Amino acid sequence: MTSASSRVAGLFDRSADTYDDVGVEWFRPIARGLVDELAPQAGERVLDVGCGRGAATAPLARAVGASGHVLGIDLSARMVELTAADLADLPQVEIRLADASDPALPAASFDVVASSLVVFFLPDPAVALRAWTDLLVSGGRLGVSTFGRQDERWESFDEVFTPYLPPQMLDARTSGARGPFASDEGVEDLLRGAGLRGVRTEHRTVEAVFRDTEQYLTFTWSHGQRAMWEAVPDGARGAVREQLVALARDLGGGGPLTLTQDVRYTLGARA
Ligand SMILES: C[S@@+](CC[C@H](N)C(=O)[O-])C[C@H]1O[C@@H](n2cnc3c(N)ncnc32)[C@H](O)[C@@H]1O
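In this report, the structure presented in the accompanying data block is examined. (Residues numbered from 1 in each chain as written. Predicted model: local features only at pLDDT ≥ 70, side-chain atom pairs only at ≥ 80, totals over all residues. Heavy atoms only, no water.)

## Some remarks on the packing of helix 8 (residues 213-221) against helix 10 (residues 234-252)
Two quantities define a packed helix pair, namely the angle between the axes and the distance from one axis to the other.
Point 1. Close contact between helix 8 and helix 10 brings their axes to 10 Å; oriented N to C, the two are set at 130°. When the interaxial angle is binned, helix 8 and helix 10 end up oblique. Along this stretch, helix 8 crosses helix 10, giving a crossing that reads as right-handed. Across the interface between the two elements, Thr213, Glu214, Tyr216, Leu217 and Trp221 from helix 8 touch Arg237, Arg241, Leu244, Val245 and Ala248 from helix 10. (Axes fitted to C-alpha atoms, helices over the stretch in contact; angles between N-to-C directions. Helix = DSSP H or I, 4+ residues; strand = E, 2+ residues; numbered from the N terminus. Parallel < 35°, antiparallel > 145°, perpendicular 65-115°, else oblique. Left-handed = near helix turned anticlockwise from the far one by under 90°. Contact = heavy atoms within 4.5 Å.)

## With respect to the sheet that holds strand 2 (residues 69-74)
Point 1. In spatial order, the strands read 3-2-1-4-5-7-6; together these seven strands make up an open sheet with mixed pairing. Strands with a single pairing partner mark the edges of an open sheet, and in this sheet they are strand 3 (93-97) and strand 6 (196-210). Neighbour to neighbour, the strand axes of the sheet diverge by 20° on average, direction disregarded.
Point 2. Where strand 1 (residues 45-49) and strand 2 come together, five bridges link them in parallel fashion. Residue pairing across strands places Val49 opposite Ile73, the latter belonging to strand 2.
Point 3. Taken strand by strand, helix 3 (residues 57-64) contacts strand 1, strand 2, strand 3 and strand 4 (110-116), and its axis lies near 165° from that of strand 2. (Pairing = 2+ DSSP bridges.)

## Regarding the site of the ligand
Point 1. Taken together, 20 residues lie near the ligand, and Tyr19, Gly50, Asp74, Asp99 and Ala100 sit nearest.
Point 2. In the model, an oxygen atom of the ligand is placed 2.6 Å from a nitrogen or oxygen of the Asp74 side chain.
Point 3. Asp99 is positioned with one of its side-chain polar atoms (N or O) 2.9 Å from a nitrogen atom of the ligand.
Point 4. Here the ligand, which alone exposes 590 Å², has 98% of that area covered by the protein.
Point 5. Residue classes in the shell around the ligand are distributed as 14 nonpolar, four polar and two charged. (Near = heavy atom within 4 Å. Polar contact = N/O pair within 3.5 Å; in protein donor to acceptor, adjacent residues only side chain to side chain. Areas by Shrake-Rupley, 256 points an atom, 1.4 Å probe, with all protein chains shown as cover. Nonpolar A, V, L, I, M, F, W, Y, C, P; charged D, E, K, R; others polar.)

So, to be careful, I would describe these as geometric facts and stop short of saying anything about function.
Printed below as a string of structure tokens:
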């Protein structure tokens, strides 16, 4: 594993216990949109790349039914352990530790490859997408979800962390200002470059509602944003927290907070 990969694996190992489990609907509705777009059928074989806590794996398993098969792979051993336990009663599901960049699976062995909010973590997304395309049968479908336009009202929350972030974390692949993940065309080009046909983009809006500031703060530690907190020295975390609390008060007036996120689904099929 490269040092970048072990950093990502460590981040998600530390997030896994509370990931998608803080009472906020976020990863599941995003993944459900991807599953809807891919429309898996009973009996199909599906690969869920970077399955995390199963936000896509579970609806994929329901769609393919007992005659199908869903393999979820993830780089984080803790994600794999917890998700395998969560989905143990679904015999069509298997969860395995594997690297999305080189999954080492047989060519042409899946009808569908799904990957929700993962591809921007990979050191070379183009190489990974080519590898995933090789895993599809002819006519098989591939879909990835990434973040579209951000909720402008929340930009100042992210900016609180900016002074502490190392340069590579300022790469806006996940949030949209530059790089292939900044536009529909950028992600479509990645899929076309992997040899996929009929590439298209769909968008949906997902809304997270935080009942109060504490729930929002707990949420920020429970997923990839944890990396931003971990970049802040211990002695400065209190001040960062105070700034976030003040911004939340301005935004929500002490009541619930709503974060609206545009989600991009990029889809294609193997010739
Ligand atoms: C934002 S989470 C998304 C998880 C899940 N797909 C969801 O929608 O909730 C990103 C996931 O990708 C995994 N991941 C990151 N890099 C990976 C890699 N190279 N190979 C496999 N999984 C990876 C992380 O461990 C984490 O579980």
